[in-house]
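A look at the structure
If you want the building blocks of each chain, they are given just below.
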Amino acid sequence: MEERVDIATLCVQAGYQPKRGEPRQMPIIQSTTFKYETSDQMGRLFDLEDSGYFYTRLQNPTNDMVAAKIAALEGGVGAMLTSSGQAANFFACFNICQAGDHMISTASIYGGTYNLFGVTFKKMGIDVTFIDQNAPEEEIEAAFKPNTKLVFGESLSNPGVRVFDFEKFSTIAHRHGVPLIVDNTFPTPVHCRPFEWGADIVTHSTTKYMDGHGTTVGGVIVDGGRFNWDEYTDKFPGLCTPDPSYHGLTYTKKFGRAAYITKATVQLMRDFGAIQSPQNAFYLNLGLQTLHLRVKRHNENAAAIARFLKGNKAVKWVMFPELEDDSNYTLAKKYMPNGTCGVMCFALKGNREFANRFMDNLKLVTIETHVADCYSCILHPASHTHRQLSQQQLKEAGVDPDLMRLSIGLENAEDLINDISQAIDAACRQ
Ligand SMILES: *Cc1c(COP(=O)(O)O)cnc(C)c1O
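From a predicted model like this one, the values you see are computed outputs, not experimental measurements.

Section: the packing of helix α3 (residues 61-74) against helix α12 (residues 278-289)
Where α3 contacts α12, the axes come no closer than 8 Å and their chain directions differ by 30 degrees. As summarised for this structure, α3 and α12 are arranged roughly parallel, according to the angle between their axes. The handedness of the crossing between α3 and α12 is left-handed. For the pair formed by α3 and α12, the contact residues are Thr62, Asn63, Val66, Lys69, Ile70 and Leu73 on the first element and Pro278, Ala281, Phe282, Leu284, Asn285, Leu288 and Gln289 on the second. Per-class residue counts for the contact of α3 with α12 are eight nonpolar, four polar and one charged.

Encoded structure:
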């Protein structure tokens with residue numbers, strides 16, 4: 001599909017284009033394996049001499065059509081679906097990092113990713129330095145080591161909705177000869193296109209807005225195809241020198257701009273097997289077909305609710321980058337001029353019990369450990385995900401004991417405001 005068409009058209013039509021007499025909706029190829037006519041044909045597939053399907057753990061036509069749609073949405077050269085967002089971030093880094101290597105990540109990232117990098121990567125011998133994304137350039141520069149292989153950030157951080165300064169980080173990463181990997185889950189390509197701002201690899205938890213209906217856990221990695229791995233052969237031997245598991249094939253020589261995503265598919269997916277099922281890819285595609293409409297509505301609703309909270313006497317503070325006095329307002333306007341996402345954080349005046357009474361009185365907004373689907377939901381980390389921690393430990397973990405994460409769904413904004421308003425009033429009376 002032409003990349004010049006609007007993102008709305010890509011959401012609906014990119015990826016699968018039926019020919020004469022074929023089904024209008026993308027078919028689910030629910031098959032583990034694929035048939036060939038000669039032994040030689042099959043042999044050539046295993047040597048990556050021919051492209052074709054042979055086993056769904058490596059590639060499946062349904063998954064590939066959905067991946068191609070997401071690659072088109074992001075403007076990348078190729079993409080690979082994974083079983084979850086966690087698997088996407090793991091593969092995205094592990095594709096170019098191994099034991100003995102180092103990487104740099106911003107500290108304000110999704111808790112699951114923080115654990116993956118800080119605990120599990122450490123066990124695998126990959127050392128991660130976490131940096132404050134507001135740090136001055138000199139401080140970020142100082143975190144680089146000779147064995148640093150990548151820089152990682154989130155375009156809008158979960159849960160703080162802080163905006164990533166793409167130009168600052170891509171300039172620094174490229175100055176040090178390493179790629180910038182960005183998790184673009186929250187704004188989605190509808191509101192932010194990281195490749196246009198210098199990112200090299202984009203990841204998503206498709207579980208969030210892309211699926212959007214709370215049905216399907218999944219992830220994706222998109223290759224921007226612009227990073228010149230061959231300029232740094234000794235940094236990226238996995239891409240630039242022969243792979244013994246494919247008879248000495250060299251990815252950059254054989255696959256050019258798609259070297260990174262091809263290696264992730266034929267090597268990491270082959271060996272780790274964290275595939276998305278074709279059935280789930282089908283659900284994901286249904287979500288993608290309305291992504292442009294939903295993201296806009298999530299964001300409009302959230303903006304209305306953020307303004308309401310900002311003006312409410314019981315509210316201590318609101319963090320949403322589209323509020324004029326938010327410290328990230330200018331960054332949001334620069335990188336996401338059409339809007340951000342549907343998630344915000346806020347705190348009520350009063351203690352933890354007051355916050356709990358408020359949540360218990362909500363009727364439409366439900367208490368859930370999720371974000372970014374069609375249902376509005378709320379979570380209070382100090383009472384839920386981080387409840388074992390003392391006030392002091394919460395502070396050390398960077399979790400404000402008052403912080404509530406609110407994810408706004410696709411309901412009517414006025415109904416949601418009325419619900420939040422009545423819950424605040426009820427909590428005050430009790
Ligand atoms: C949820 C989330 C993830 C993890 O994705 P799963 O699909 O739950 O594995 C990664 N990054 C961000 C920004 C997320 O919100």
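So, the layout of surface pockets
Reported here for the largest pocket is a volume of approximately 1100 Å³. Along the wall of the largest pocket there are 42 residues; nearest its centre are Ile109, Tyr110, Gly111, Asn158 and Pro159. Elements with a contribution of two residues or more to the lining of the largest pocket: α4 (85-94), α5 (111-123) and β8 (315-319). When grouped by side-chain class, the residues that make up the lining of the largest pocket number 16 nonpolar, 20 polar and six charged. Roughly 590 Å³ of volume is contained in the second largest pocket. Lining the second largest pocket are 31 residues, with Gln59, Asp64, Thr262, Thr265 and Val266 positioned closest to its centre. Those elements that place two or more of their residues in the lining of the second largest pocket are α3, β1 (78-82) and α11 (259-272). A breakdown of the residues in the lining of the second largest pocket according to their chemical character gives 18 nonpolar, ten polar and three charged.

Some remarks on the domain arrangement of the chain
Interface size is commonly expressed as the accessible surface area that is lost when the partners come together. Structurally, the chain comprises domain 1 (7-287) and domain 2 (292-429). With 31 residues of domain 1 at the contact, the number on the domain 2 side is 32 residues. Summed over the three residues of domain 1 that lose the most area to domain 2, namely Val163, His191 and Tyr209, the buried surface amounts to 29% of that side. Inspection of the region where domain 1 meets domain 2 yields two salt bridges. In this structure, Asp326 and Arg162 form a salt bridge, with 2.8 Å as the shortest nitrogen-oxygen distance. If you list the elements that add at least two residues to the side of domain 1 that touches domain 2, you get α1 (7-13), α7 (166-175) and α8 (188-191).

Conventions we followed
- Residues numbered from 1 in each chain as written.
- Predicted model: local features only at pLDDT ≥ 70, side-chain atom pairs only at ≥ 80, totals over all residues.
- Heavy atoms only, no water.
- Axes fitted to C-alpha atoms, helices over the stretch in contact; angles between N-to-C directions.
- Helix = DSSP H or I, 4+ residues; strand = E, 2+ residues; numbered from the N terminus.
- Parallel < 35°, antiparallel > 145°, perpendicular 65-115°, else oblique.
- Left-handed = near helix turned anticlockwise from the far one by under 90°.
- Contact = heavy atoms within 4.5 Å.
- Nonpolar A, V, L, I, M, F, W, Y, C, P; charged D, E, K, R; others polar.
- 1 Å grid on protein atoms, 1.4 Å probe; cavity = no way out; pocket = protein on both sides within 12 Å on 5 of 7 lines; lining within 4 Å.
- Points joined across faces, edges and corners; volume = space filled by probe spheres on them.
- Domains from an automatic or database assignment.
- Buried area = accessible area lost by both parts, 1.4 Å probe.
- Salt bridge = Lys/Arg side-chain N within 4 Å of Asp/Glu carboxyl O.

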